[in-house]
Amino acid sequence: AQTVTQSQPEMSVQEAETVTLSCTYDTSENNYYLFWYKQPPSRQMILVIRQEAYKQQNATENRFSVNFQKAAKSFSLKISDSQLGDTAMYFCAFHGQNFVFGPGTRLSVLP
Amino acid sequence: DAGVIQSPRHEVTEMGQEVTLRCKPISGHNSLFWYRQTMMRGLELLIYFNNNVPIDDSGMPEDRFSAKMPNASFSTLKIQPSEPRDSAVYFCASSLDGGLNTEAFFGQGTRLTVV
C-alpha cells in the first residue's frame with residue numbers, strides 16, 4: 001500500500017517570503033503522479049500543481065514549484081512571494097493504484 | 001459542469017440513526033472516491049469505484065459503513081448505525097479514468113455530526 005507523509009503539521013511564513021513544504025511517500029509502483037492540493041477555510045479542495053514520476057524536470061505553476069527527488073521519494077512544494085491568500089491546509093497526494101493523501105500541513109501567511 | 005455535487009452540506013443526527021450521504025460526480029468521469037477528513041486522521045480514502053464497480057474498499061472502517069454506485073451519475077455512503085466517532089467531513093471526488101495525471105475533483109463535502 002502507498003503511504004504519504006508530511007512531517008510539518010504547521011508552518012508560518014511572512015508575506016512575500018518563500019516557504020517550502022515537505023512530503024515523502026512510499027510505494028513499489030513505478031508509474032504514478034504526485035499532486036499538491038490546497039484547502040482554504042472554505043473547505044474546497046483545489047489542485048495546486050502536479051508532477052509526473054517519469055519526468056525529471058520539476059513542475060512549476062507561477063509562484064508554486066516542486067522539488068521532486070524520485071530516488072528519495074520526496075516531493076516538496078515551494079511557494080515564492082507568499083500571499084495572504086495562500087493561507088490554507090496543503091495536502092500532498094499520490095496517484096497510482098489508489099489516490100492517497102498525506103495528513104496535511106497548515107500554512108499561515110503572516111502580514 | 002457544476003462540478004462534484006454532494007448532499008447534504010451539513011448533517012446532524014443522533015447516535016444509532018442511519019445516515020446517507022450522496023454524491024453526483026462530474027459527467028463523464030468514471031472514477032469516484034469517498035474520503036473522510038478529521039483532525040486526528042487527516043484525509044482518509046474510504047472506497048474507490050471505477051466504472052461503478054468498487055475497486056478498493058480497504059479503507060472502510062467497519063461493517064457499519066457501506067457504499068454503492070448504482071449508476072455513473074450517483075453514489076451513496078451509508079452509515080448504520082451511526083456513532084459519535086463518525087463525526088467528520090466526508091468528501092466525494094471524481095476523476096477521468098485512463099490517466100494517472102488526471103486530478104481528483106472534489107465536492108464541497110458533507111459535515112456530519114453525530115450526537
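Residues numbered from 1 in each chain as written. Chains lettered and ligands numbered in written order. Predicted model: local features only at pLDDT ≥ 70, side-chain atom pairs only at ≥ 80, totals over all residues. Heavy atoms only, no water.

### Description of the packing of aromatic side chains
Going through the model one piece at a time under the given rule, you end up with 18 aromatic pairs over all chains. Pairing F101 of chain A with F106 of chain B gives two aromatic rings, centres 5.6 Å apart and planes at 85 degrees, and the pair type is edge-to-face. Here F101 of chain A, found in strand 11 (residues 99-101), pairs with F106 of chain B, found in strand 10 (residues 105-106), and the two come from separate chains. When sorted by exposure, F101 of chain A lands in the same class as F106 of chain B, which is buried. (Phe/Tyr/Trp six-rings, centres within 6.5 Å; stacked < 30°, edge-to-face > 60°. Helix = DSSP H or I, 4+ residues; strand = E, 2+ residues; numbered from the N terminus. Buried < 20%, exposed > 50% of the residue type's maximum accessible area, 1.4 Å probe, protein only.)

### Focus: the environment of F106 of chain B
F106 of chain B sits in the buried class, given a relative accessible area of 6%. For the pair F106 of chain B and I26 of chain B, spaced 80 residues apart in sequence, the C-alpha to C-alpha distance is 9.6 Å. With residues near it in sequence (within four places) discarded, F106 of chain B still touches Y37, Q44, M45 and F101 of chain A together with V4, Y35, L43, F91, C92 and A93 of chain B. (Contact = heavy atoms within 4.5 Å.)

### Digging into the interface of chain B and chain A
With 25 residues of chain B in contact, the opposing surface of chain A contributes 20 residues. Summed over both sides, the interface of chain B with chain A buries roughly 1,900 Å², with 50% coming from carbon and sulfur. Here E103 of chain B ties to R50 of chain A by a salt bridge, and the two come within 3.0 Å at their closest N and O atoms. The tally of links between chain B and chain A comes to eight residue pairs in polar contact (both at pLDDT 80 or more). Within the residue set of the side of chain B that touches chain A, elements represented by two or more residues are strand 4 (31-38), strand 5 (42-50), strand 9 (88-95) and strand 11 (110-114) of chain B. At four residues, strand 5 of chain B tops the list of elements feeding residues into the side of chain B that touches chain A. Across the side of chain B that touches chain A, the residue classes tally to 11 nonpolar, 10 polar and four charged. (Buried area = accessible area lost by both parts, 1.4 Å probe. Salt bridge = Lys/Arg side-chain N within 4 Å of Asp/Glu carboxyl O. Polar contact = N/O pair within 3.5 Å; in protein donor to acceptor, adjacent residues only side chain to side chain. Nonpolar A, V, L, I, M, F, W, Y, C, P; charged D, E, K, R; others polar.)

### Examining the confidence of the model for chain A
Model confidence for chain A is summarised by a mean pLDDT of 93, while 99% of its residues fall at 70 or above. Taken element by element, the predicted model of chain A shows its lowest mean pLDDT in strand 11 of chain A (89) and its highest in strand 3 (residues 19-21) of chain A (98). (pLDDT = per-residue confidence, 0-100.)

### Regarding the state of the cysteines
Residues and elements named next belong to chain A. Within the structure shown, the criterion is met by two disulfides over all chains. One disulfide in the model links C23 with C92; its S-S distance is 2.0 Å. What sets the handedness of the C23 and C92 disulfide is the S-S torsion sign, and at about -65 degrees it is left-handed. Taken together, the residues span a long stretch of sequence, with C23 in the loop between strand 3 and strand 4 (24-26) and C92 in strand 10 (residues 88-95) at a distance of 69 residues. Of the two residues, C23 and C92, both sit in the buried class. (Disulfide = S-S within 2.5 Å.)

### Section: the pairing of strand 6 (residues 46-52) of chain A
All names here are of chain A. Sheet analysis places strand 5 (residues 33-39) next to strand 6, joined by six bridges and oriented antiparallel. Its bridge partner being in strand 6, Y37 is matched across the sheet by L47. What sits between the antiparallel neighbours strand 5 and strand 6 is a turn of six residues, in which R43 has the positive phi angle 85 degrees. (Pairing = 2+ DSSP bridges.)

### Considering the sheet that holds strand 7 (residues 65-71) of chain B
Residues and elements named next belong to chain B. As summarised here, the arrangement of the four strands in space is 1-3-8-7, forming an open sheet in which the pairing is antiparallel. On the outer flanks of this sheet lie strand 1 (5-7) and strand 7, each paired with one strand and no other. Recorded for the sheet is a direction-independent mean angle of 15 degrees between the axes of neighbouring strands. With five bridges joining them, strand 7 and strand 8 (residues 74-79) adopt antiparallel strand pairing. Paired with F65 across the two strands is I79, which belongs to strand 8. (Axes fitted to C-alpha atoms, helices over the stretch in contact; angles between N-to-C directions.)

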